[in-house]
Structure formats: C-alpha cells, structure tokens
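# Inside the fold
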Amino acid sequence: MDTPKKLMKAKPESIYVKLAKVAGKAQDEDAKLIGLGAYTKIVGDAGISVSRMSPIPVTTGNALSSASTLWAASLAVDKMNFVSKENGIYQGKAMVVGATGSIGQVTAKMLAKSWRELVIVAPKPYKLAEMIEEIKIIAPQCHVEVDTNPDQLSQSCDLIVTTTSAQGKKIIDIEKVKSGAVICDVSRPFDVTKEDALKRPDVLVIASGEVELPGDVKVGCDIGLPGNVVYACLAETALLALEGRFECFTLGRTIDLNKVIEIDHLSKKHGVKLAAIMGHDGEITDSVIEHCRQQAIQRQG
C-alpha cells in the first residue's frame, strides 16, 4: 500500500498506472464510476490523466469535499457564536490558507459570498491577484486582502480554513490566532497538529466534517468511520451513482464553483448531510465547543 509520503515522492505516471489498474478491476466488478480520494486525487494533474487511462469515469470528490468543509465551518462558527450575521452575511473576517489550490480556490469563492471580509493566502502573489479579480465578479460586496504569510493577519480572523499540501509542515503560528476563532483544517496530514491545538483551548480547531449517507449503507472495508459516515470525496461518488450520472464530475486543479453548488443541491435532495464536526480525536461535541467558547470569553475579558 502506498502511504501519502510515498504517493507524493513517486513519479505521477507510476501512480496513474496503478489507479488505472484499480479502475479496471472495478469495472470487472460492474462498477460504473470510480472516486479518487485523499492523496490519490492530488497526485500529478489531479485525476485528469487517470480519467484518460481509466475504462470508467473518474471523479476526485473535491466538489463535495469543498461543500462539506463549509457545512462544518459554518456550523462551528455559529456554535461559537462570536460572529453576527446580517442578511445572511457573516460580519467578520475569514481566511483561506492555500487559497490557490483546487479546494482553496473554490472555498475562498464560497466564503466571499457569505463573509464581509476575506483574506486569501498562498506563496505566489500573482496567483492571488488573479483570484481577487475573480472574486470581485462573484462577490463584489466582500472586501478581500491577500498575503503570503497567514501569521500577518490571523489575529483578526474569525474563521481560518487551511487547505494546503504541506505534508505536516507548520504553516500557521497558533499563538497568533484570534481568541474565539475557528480553524477548519482540511489538509491531510493536518496543518495544525494536536499538540498545537492543545496550546489554545480558546481556539476551536476542527478537521472539516465527514458526511452521513442515507439508507442502508454497506462499506466493504474499514475506513475508520462508524455506520453510515464516510469521507466527503467518497460520498460524491455515491451521489453521482444515485443520480445515474456516471461522468467525470470533478477533475483537475480547478473546481467549478457551479459544481460545488450543484453537489450541495444533490446532497439535500438525497439526504446526504454533515455527520458531525470532527477534530483530531473524532467528533467534537457541543460540550467541547461550549468549553472552548468559555475559554475564549475569559481570555477576551
């Protein structure tokens, strides 16, 4: 089995061949669609070459991964209850770290529609400049700032979403994060370690959110999740199958905003929903969130 580190170090072409063989075996078992997940969906050109080699359609699952990230982030912000809303817009500031990546780009665009202020962070300034122009078109009411270092503005952000491929390298100084903020860590391995999270009991660190499939679900292997709960990338494949849409829905480094909106609609149609807000050690309960909130109130006071 190839671990994430092996996948990142291997030549993409060798991984493409392995994934195409898996797709061939899936077809032999009458599968009509295959979903990539975790690091298999970011190797090389993020599924494009695999789809060309595969005998059946391929999707990365990134559209639903993006949607479910925002489900979890919004619910966490609401439960912390430090940011007010006016006409459906959060009257605070959100940040996306890794904003020029596939999930980062669409996450930033979605947040721009629902937040008054947004900070987009990535290593290459010219890509961030291009993103600002795109965001102005879809969310002209949102004030957007850019930076190449999240620590410059993290102390003023109410929500921080990290979507990097840093492979466990430290990308944000948690000591500089605003008290009462929510950090939604989409990256695997995590950008924010459990040890760092424990340093700030007044900051709620979540690991996005897994989703729950409707009906009687049979998972043929142990994915480390209970019952009907699955990873969002897997759920996207299931949703497409339920719709009879055996197509390459999400591929490449850019995720179509309209597809995120569409998969969000399909989730509501079929009853796919957020299973729970997850953290480093599993589900984050309401009592844990309330404890974090009280810690933030004490620190702010």
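Here, every reference points to the structure presented above.
Residues numbered from 1 in each chain as written. Predicted model: local features only at pLDDT ≥ 70, side-chain atom pairs only at ≥ 80, totals over all residues. Heavy atoms only, no water.

Attention now moves to the sheet that holds strand 10 (residues 211–212). Strand pairs in the sheet, formed through backbone hydrogen bonds, run parallel or antiparallel to each other. Ordered in space as 11-10-12, the three strands form an open sheet in which the pairing is antiparallel. Either end of the sheet is taken by a strand with one partner, and the two such strands are strand 11 (229–230) and strand 12 (273–274). (Pairing = 2+ DSSP bridges. Helix = DSSP H or I, 4+ residues; strand = E, 2+ residues; numbered from the N terminus.)

For the coordinates displayed, the defined rule picks out 15 salt bridges. Note that Lys 79 is salt-bridged to Asp 286, the shortest N-O span being 2.9 Å. Taken as a pair, Lys 79 in helix 4 (residues 62–80) and Asp 286 in helix 10 (residues 286–300) lie far apart in primary sequence, 207 residues in all. Between Lys 93 and Glu 117 there is a salt bridge, with its nearest N and O atoms 3.9 Å apart. In this pair, Lys 93 sits in strand 4 (residues 89–97) while Glu 117 sits in strand 5 (residues 115–121), placing the two residues 24 residues apart along the sequence. For Lys 93, a relative accessible area of 10% corresponds to the buried category. (Salt bridge = Lys/Arg side-chain N within 4 Å of Asp/Glu carboxyl O. Buried < 20%, exposed > 50% of the residue type's maximum accessible area, 1.4 Å probe, protein only.)

Residue Asp 30 is not a glycine yet carries a positive backbone phi of 75°. Among the secondary structure elements, Asp 30 is positioned in the loop between helix 2 (12–28) and strand 1 (34–35). Even without being a glycine, Ala 46 presents a positive backbone phi close to 55°. You can call Ala 46 buried: its relative accessible area is 1%.

Let us look at the packing of aromatic side chains. Under the definition given, this model contains one aromatic pair. Geometrically, the ring pair formed by Tyr 90 and Trp 115 is stacked, given 4.6 Å between the ring centres and 25° between the ring planes. You can see Tyr 90 sitting in strand 4 and its partner Trp 115 sitting in strand 5, a full 25 residues away along the chain. Since its relative accessible area comes to 2%, Tyr 90 is described here as buried. Owing to a relative accessible area of 1%, Trp 115 belongs among the buried residues under this scheme. When the ring centre of Phe 249 is taken as reference, the NZ or CZ atom of Lys 259 above it lies at 5.0 Å. (Phe/Tyr/Trp six-rings, centres within 6.5 Å; stacked < 30°, edge-to-face > 60°. Lys NZ or Arg CZ within 6 Å of the ring centre and 35° of its normal.)

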